Amino acid sequence: MPETLSGLVTAGITFVFFCDMLRRCCPSELQQYLEKCITKLSGFLNPNIEISIREYTTGSHLKPHEAYGIVEAYLSVNSDGARKLKAQITKDNENKLLFSMDENQESVEVFNGVQVTWTSEKVSPPAQPAGSISYFSVPDRRCYKLKFPKAHKMMIMESFLQGHVMKRGREIVARNRQRKLYTNAHGEGYWSHIPFEHPATFETLAMDAEEKQNIINDLMSFTKGKEHYERIGKAWKRGYLLHGPPGTGKSTMIAAMANLLDYDVYDLELTSVKDNAELRKLLMATKAKSMIVIEDIDCSLDLTGQRKRMKKKKNKNKSENEETEMEAVSWSRSKVTLSGLLNSTDGLWSACVGERVIVFTTNHVDKLDPALIRKGRMDKPIEFSYCNYQGFRVLARNYLQLEKHSLFEEVEELMKEVQITPADVAEELMPKSDEEGAEQCIRNLIYTLHQRKSKLNGADADS
Ligand SMILES: Nc1ncnc2c1ncn2[C@@H]1O[C@H](COP(=O)(O)OP(=O)(O)OP(=O)(O)O)[C@@H](O)[C@H]1O
Ligand SMILES: [Mg+2]
């Protein structure tokens, strides 16, 4: 029997070889017919299947294939057999090197007991026709090939490639990528971005420890809630309203949240959005695993339907007239309404795949329309307040690397009587010169607290 089989294979190969010879010397119709025969016959004889994952789409407009980048990332940690690797800066992060299989390398792995073989190839672009001049350099087209036994076709294509490789590859891509801070503040109706590199973390945030843990738990259970949101038929989004006086850490918290979740941040400047349609377009252009932030919502959108001041604080360099002009321009440019905002942040999200966190901040929660902050829209309000002793301890650790000091007690007593924002405490604890040590910084803070206390007492005496 084996002899019959090997005879058959030899005959097949001879036939394929013969057909190929014939094909080369025949007219094109016959060539095409013979090519089909060769493919059929070699398919019959070959016990393996090969899948190509190309770097670019074919055709005149070369577009990168997303799958190639994912497989490349997967193979960066799953190609033990490859002897030659190449190091390159990743597309999404210029600070990170990605090591992947060099051209013509091979790596074997076993999945569910089935052996699969990866190879990497480089396909040079077709030669330019003689005499033609091209001003553009055509990139080499690279390709990964996955070879596996035909008998396990469905398992390898679905469980291995679609499931395992795609999942692991995407995780590695996400890990390697540099997060981005998007803005629409240029007013052109699209997002532009810079790398997001804010260092804030929950650890460095001066806030009640229990409240902090509560927020962390809330965020983590949200990110793990895909199935829960699907089951209850709700869009996978969560809204936070951060409110409190200026300098109490609302923006810092946004950065800490984004760092914890590993999300991109879209800083939506409502006063730069022309109308509701543009707002919808901008929100539709946001990606999953992102945080959409609307700061100072009470200043960007007037809840009676009129536009308000563009700037919260007065710009010292501008005259009164210039300021009024700026406000007028902002008023006439933007026609975003409260209902437009609500429709965009509610209805639209159901159509979007992937999780999104939306954060509003305000200094005046009492001025907001109840429609904006009702349950279901803003799931979790978080209040920011003046600095207490616990907050001071966090800031002293951040700024002075101090866990304890004999002056702490005095700070604690003063903080019970005087209101001071974490921003002001941070300012005092920042050494102003190389000579200024940690103790001097605490003394500066104590001096400021005393000053405020006497002011307070003076005011009390006056009244
Ligand atoms: N809770 C905090 N923990 C740590 N640092 C803080 C905190 N609050 C303020 N800071 C410090 O003060 C600076 C200003 O804080 P932040 O911008 O977060 O305040 P905010 O509440 O967003 O103010 P605004 O309402 O004016 O936007 C920050 O850069 C940070 O250094
Ligand atoms: Mg802020």
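Since this is a predicted model, take the numbers as computed values, not measurements.

Explain the overall build of the protein chain residue by residue, including any values.
Per the secondary structure count, the protein chain includes 16 helices and 13 strands. When burial is assessed residue by residue, the protein chain has 24% of its 463 residues classed as buried. Here the analysis covers contacts within the protein chain between residues at least 6 apart in sequence; of these, 71% occur between residues at least 24 apart.

Hey, could you go over the site of ligand 1 for me, with residue numbers and the actual values?
Every one of the 15 residues lining ligand 1 counts as a neighbour, but Pro 246, Gly 249, Ser 251, Pro 422 and Ala 423 are closest to it. For the shell around ligand 1, the secondary-structure elements that each account for two or more residues are helix H7 (250-261) and helix H15 (422-429). Within the shell around ligand 1, the residues separate by chemical class into eight nonpolar, six polar and one charged.

With reference to specific residues and values, describe the packing of helix H8 (residues 276-284) against helix H11 (residues 338-345).
Their axes nearest at 10 Å, the elements H8 and H11 cross at an angle of 25 degrees. Relative to H11, the element H8 lies roughly parallel. Along this stretch, H8 crosses H11, giving a crossing that reads as right-handed. Together, Asn 276, Leu 279, Arg 280 and Leu 283 of H8 and Gly 340, Leu 341 and Ser 344 of H11 make up the contact between the two elements. Here the residues of the contact of H8 with H11 are counted per class, giving three nonpolar, three polar and one charged.

Summarise the confidence of the model for the protein chain; cite the residues concerned and give the values.
Per-residue pLDDT for the protein chain has a mean of 82; in total, 78% of the residues score no lower than 70. Across the whole predicted complex the pTM is 0.70, and at the interface the ipTM reaches 0.99.

Which residues make up the nonpolar core, and what values do they have?
One finds Met 257, Val 265, Met 291, Val 293 and Val 359 to be the most contacted residues of the largest nonpolar core, which totals 50 residues. It is H7 that provides the largest number of residues to this core, a total of six residues. Residues in contact with Met 291, not counting those within four places in the same chain, are Met 257, Ala 258, Tyr 263, Val 265, Tyr 266, Val 357 and Val 359. In terms of nonpolar packing, the next biggest core, distinct from the first, is built from 18 residues, Ile 70, Tyr 74, Met 101 and Leu 161 among them.

Let's hear about the pairing of strand S12 (residues 356-362): which residues, and what values?
Looking along a regular strand, one sees the side chains alternate between the two faces of the sheet. For S12, the tally of buried residues reaches seven of seven residues, placing the bulk of the element in the interior. Judged by which residues are buried, S12 turns out to be covered on both faces: Arg 356, Ile 358, Phe 360 and Thr 362 on one side and Val 357, Val 359 and Thr 361 on the other are all buried. Where strand S9 (residues 237-243) meets S12, seven bridges bridge the pair, whose relative direction is parallel. Directly across from Gly 239, in S12, lies its bridge partner Ile 358. As defined by bridge partners, strand S11 (residues 290-294) adjoins S12 across five bridges and the pair is classed as parallel. For Ile 292, the partnering residue across the bridge sits in S12 and is Ile 358.

Which residues make up the sheet that holds strand S7 (residues 180-183), and what are the values?
If you walk across this open sheet you meet the seven strands as S8-S7-S10-S11-S12-S9-S13, and the pairing is mixed. The two strands at the open ends of the sheet, each matched to only one other strand, are strand S8 (192-195) and strand S13 (380-383). Adjacent strand axes in the sheet meet at a mean angle of 20 degrees, parallel and antiparallel pairs treated alike.

Which residues make up helix H5 (residues 209-223), and what are the values?
Along its 15 residues, H5 runs 21 Å from first to last C-alpha, staying within 8% of the 21 Å computed at 1.5 Å per residue. Every buried residue of H5 is listed here: Ile 215, Leu 219 and Phe 222. The arc enclosing the buried residues of H5, seen along the axis, measures out at 60 degrees, which places them on a common side. In H5, the exposed residues that point more than 90 degrees away from the buried face are Ala 209, Glu 210, Gln 213, Asn 217, Met 220 and Ser 221. Buried positions along H5 lie against S9, H7 and S13.

Explain the sheet that holds strand S5 (residues 114-123) residue by residue, including any values.
Ordered in space as S1-S6-S5-S4, the four strands form an open sheet in which the pairing is antiparallel. Edge strands, defined here as strands with exactly one partner in the open sheet, are strand S1 (48-54) and strand S4 (106-111). In this sheet, adjacent strand axes meet at a mean angle of 25 degrees when their direction is disregarded. Lying over the sheet, helix H3 (residues 66-77) contacts S1, S4, S5 and strand S6 (141-149), oriented at roughly 110 degrees with respect to S1. Against the sheet, helix H4 (residues 153-176) engages S1, S4, S5 and S6, with an angle of about 65 degrees to S5.

How each quantity is defined
- Residues numbered from 1 in each chain as written.
- Chains lettered and ligands numbered in written order.
- Predicted model: local features only at pLDDT ≥ 70, side-chain atom pairs only at ≥ 80, totals over all residues.
- Helix = DSSP H or I, 4+ residues; strand = E, 2+ residues; numbered from the N terminus.
- Buried ≥ 20, exposed ≤ 12 C-beta atoms within 10 Å, placed from the backbone.
- Contact = placed C-beta atoms within 7 Å.
- Near = placed C-beta within 6 Å.
- Nonpolar A, V, L, I, M, F, W, Y, C, P; charged D, E, K, R; others polar.
- Axes fitted to C-alpha atoms, helices over the stretch in contact; angles between N-to-C directions.
- Parallel < 35°, antiparallel > 145°, perpendicular 65-115°, else oblique.
- Left-handed = near helix turned anticlockwise from the far one by under 90°.
- pLDDT = per-residue confidence, 0-100.
- Core = buried A, V, L, I, M, F, W, Y, C linked by C-beta atoms within 7 Å.
- Pairing = 2+ DSSP bridges.
- Expected span 1.5 Å × (residues − 1).
- Arc of directions from axis to C-beta.

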